[in-house]
Amino acid sequence: MTEKQYKNFISMNEKFIDRCSQVCSLLEPINSSYGYLDTFEPDGDRIYGKGDEYWAYGGHEEHSNWFPSKYLWMKDEEIKDIVNKELEDRENKKREKKEQEERLQIEREREIYEKLKQKFK
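The structure contained in this document is the topic of the report that follows. (Residues numbered from 1 in each chain as written. Predicted model: local features only at pLDDT ≥ 70, side-chain atom pairs only at ≥ 80, totals over all residues. Heavy atoms only, no water.)

1. Remarks on the nonpolar core
With 17 residues, the main nonpolar core has Cys20, Leu27, Phe40, Ile47, Phe67, Tyr71 and Ile79 as its most contacted residues. Contributing elements (two or more residues each) for this core: α1 (3-27) and α2 (76-119). When residues of this core are assigned to their parent elements, the largest contribution, six residues, is made by α1. Beyond its immediate sequence surroundings of up to four residues, Ile79 is in contact with Arg19, Val23, Leu26, Leu27, Tyr71 and Met74. (Core = buried A, V, L, I, M, F, W, Y, C linked by side-chain atoms within 4.5 Å. Buried < 20%, exposed > 50% of the residue type's maximum accessible area, 1.4 Å probe, protein only. Helix = DSSP H or I, 4+ residues; strand = E, 2+ residues; numbered from the N terminus. Contact = heavy atoms within 4.5 Å.)

Rendered as structure tokens:
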């Protein structure tokens, strides 16, 4: 390795870390772990990140997560669209689950009502 190659590596590594941090800040609404990642390494077609969360009372938690390497060259708006879509999908699933639970509860209550109706007829 030459000095020029080394300096080029350092420069590119700083750009890599900066962009990974930017991507993580965009992905944080999906998973708060992204907000703690500060060490990144390429792993094929994805980027693996890890970091630590330190608590005021002395404890800490290790965080790790990954994201597709293509996010490094995607525009921020494209990543935001992906995040918004994911959040929307989660909200839809949560709403559908709640509606299903409400329907099941109504069915159970109706069964109980019908049994009591028959019993006290």
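Read on, since the account is not over.
2. A closer look at the pairing of strand β1 (residues 39-43)
In this sheet, strand β2 (residues 46-54) lies alongside β1 in antiparallel orientation, the contact comprising five bridges. Within β2, the position partnered with Phe40 by the bridge is Gly49. Counting the residues in the hairpin turn of β1 and β2 gives two residues, including Gly44, whose phi is positive at 70 degrees. (Pairing = 2+ DSSP bridges.)

3. Considerations on the packing of aromatic side chains
Taken as a whole and judged by the stated rule, the model has two aromatic pairs. Ring geometry for Phe67 versus Tyr71: centroids 6.3 Å apart, planes at 10 degrees, classification stacked. A relative accessible area of 2% places Phe67 in the buried class. With a relative accessible area of 9%, Tyr71 lands in the buried category. Over the ring of Trp66 we find Arg46; its NZ or CZ atom is 4.7 Å from the centre of that ring. (Phe/Tyr/Trp six-rings, centres within 6.5 Å; stacked < 30°, edge-to-face > 60°. Lys NZ or Arg CZ within 6 Å of the ring centre and 35° of its normal.)

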